[in-house]
Amino acid sequence: MPGRHRCVHGWPWTFWHWSKVVDPLAGPGPTGGDPAEAFDVIVPSLPGFGFSSPLRRADLNFGKIADLWHTLVTEVLGFEKYAVGGCDVGALVAGQLAWILQRWLKWSAAETVYSKDELLTHAMIYWTTNTIGSSIRTYANNVRYSWRPSHDRWPVVEAPTGLTLVGHENPPGVLTPEARVRHFRESDRARWYNRVNVRAHERGGHFIPWEIPGEWVEDLRRTFRIARASRD
């Protein structure tokens, strides 16, 4: 039975950054995957980002957006259960294209990942919808309206969780995928999650499903193989 999977982009992403992984997730067969691991894929645009504006409220942060997405998937689309894949989350800006390009160049190996047309496509989604300002507001709201867990149990995130770690965002002194996994497992953050799958890759940066779509899809499939096996 296919799963329901929701992909949530970060910043300065657009929903189009998920375009390379939608087909492999929805139809694994042509890419060598198991058809039994197919997903119904939902790719919403974050409120205030391209084609999801104008905002009708000014207090949205990642916690409140998560509540909106839960309502979207369960009440509007009618799915009882679902899984979520996401990366990242939030200065008003002038000379917008150059500024966005600078983020992509610093946070990924953009010169080897994007063609000029692809860079312009992502930038155009912000430009034509005038949403760079409202997209940045999400980050300010994450501080202004801080999130608190609704319970005192550990791990705080009780759902089975998989993480993909990439070389371009390694902490200082961490040079290999093995060291990256070890560094995370020994960190304070690790205890927050019900970790079932932690993988690291030498390649990849801030825009993981665009930069290393094949590795990301396989990591997600592996997470759900483990989660389903433990449930059964």
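Refer to the structure printed above.
Residues numbered from 1 in each chain as written. Predicted model: local features only at pLDDT ≥ 70, side-chain atom pairs only at ≥ 80, totals over all residues. Heavy atoms only, no water.

Undergrad: Mind showing me how you'd approach the overall build of the protein chain here?
TA: The secondary structure content of the protein chain amounts to 9 helices and 5 strands. The order of α-helices and β-strands along the protein chain, N terminus first, is β-α-β-α-β-α-α-α-α-β-α-β-α-α. Across the 232 residues that make up the protein chain, the buried fraction comes to 42%. Only carbon and sulfur atoms are counted for the fraction: they give 55% of the accessible area of the protein chain, which is about 12,800 Å². (Helix = DSSP H or I, 4+ residues; strand = E, 2+ residues; numbered from the N terminus. Buried < 20%, exposed > 50% of the residue type's maximum accessible area, 1.4 Å probe, protein only. Areas by Shrake-Rupley, 256 points an atom, 1.4 Å probe, with all protein chains shown as cover.)

Undergrad: Is there a simple way to think about helix 7 (residues 177–185) in this case?
TA: An α-helical turn contains 3.6 residues, so a residue and the one three or four places further along point in the same direction. Those residues of helix 7 that sit buried are P177, A179, R180, V181 and F184. Tucked inside the fold, the buried residues of helix 7 contact strand 4 (157–166) and strand 5 (193–201). (Contact = heavy atoms within 4.5 Å.)

Undergrad: Which parts of the structure should I look at to understand the environment of C87?
TA: Its location among the elements puts C87 in the loop between strand 3 (83–86) and helix 3 (96–107). By relative accessible area, which is 9% here, C87 ends up buried. With 79 residues separating them along the chain, C87 and V8 place their C-alpha atoms 6.9 Å apart.

Undergrad: Help me understand the nonpolar core in this model?
TA: Inside soluble globular proteins, nonpolar side chains tend to come together where they are buried. Counting 21 residues, the largest nonpolar core has L25, Y114 and W216 as the members making the most contacts within it. Secondary-structure elements contributing two or more residues to this core are helix 1 (19–26), helix 5 (116–129), helix 8 (208–211) and helix 9 (213–231). At 4 residues, helix 9 tops the list of elements feeding residues into this core. Judged by nonpolar contacts, the second largest core, of 9 residues, contains F49, L60, W69 and I132. (Core = buried A, V, L, I, M, F, W, Y, C linked by side-chain atoms within 4.5 Å.)

Undergrad: Mind showing me how you'd approach the side chain of T161 here?
TA: Mapped onto the elements, T161 comes out in strand 4. In this structure the side chain of T161 is engaged in a polar contact, spanning 2.8 Å, whose partner is the backbone oxygen of A159. If sequence neighbours within four positions are ignored, T161 has contacts with Y193, N194, R195, V196, N197 and T223. (Polar contact = N/O pair within 3.5 Å; in protein donor to acceptor, adjacent residues only side chain to side chain.)

Undergrad: Explanation requested: the side chain of T14 in the structure shown.
TA: Considering the arrangement of structural elements, one finds T14 in the loop between strand 1 (3–8) and helix 1. At 3.2 Å, the side chain of T14 and the side chain of H122 are in polar contact.

Undergrad: How do you make sense of the packing of aromatic side chains when you look at a structure like this?
TA: Given two aromatic rings, one states the distance between the centres and the angle between the planes to describe the pair. All chains considered together, the criterion is met by 5 aromatic pairs. Relative to Y126, the ring of F49 has its centre 6.2 Å away and its plane inclined at 50°; by these criteria the two rings are tilted. Neither F49 nor Y126 differs from the other in exposure class; each is buried. When the ring of W154 is compared with that of W192, the centres are 5.4 Å apart and the planes differ by 85°; the resulting orientation is edge-to-face. Of this pair, W154 sits in the loop between helix 6 (132–144) and strand 4 while W192 sits in the loop between helix 7 and strand 5, and the two are 38 residues apart along the sequence. (Phe/Tyr/Trp six-rings, centres within 6.5 Å; stacked < 30°, edge-to-face > 60°.)

Undergrad: Could you clarify how one ought to interpret the pattern of salt bridges in this entry?
TA: Opposite charge on two side chains permits pairing when their charged atoms draw close. The tally for this structure, following the rule as stated, stands at 7 salt bridges. Across the pair R199 and D219 runs a salt bridge, and its minimum N-O distance is 3.9 Å. Of this pair, R199 sits in strand 5 while D219 sits in helix 9, and the two are 20 residues apart along the sequence. For R225, the salt bridge identified is with E218, shortest N-O distance 3.1 Å. R225 gets classed as partly exposed once you look at its relative accessible area, which sits at 36%. Exposure remark for E218: the relative accessible area of 31% places this residue in the partly exposed category. Ionic contacts of the salt-bridge type, sharing partners, join the residues E37, E218 and R225 into one network. (Salt bridge = Lys/Arg side-chain N within 4 Å of Asp/Glu carboxyl O.)

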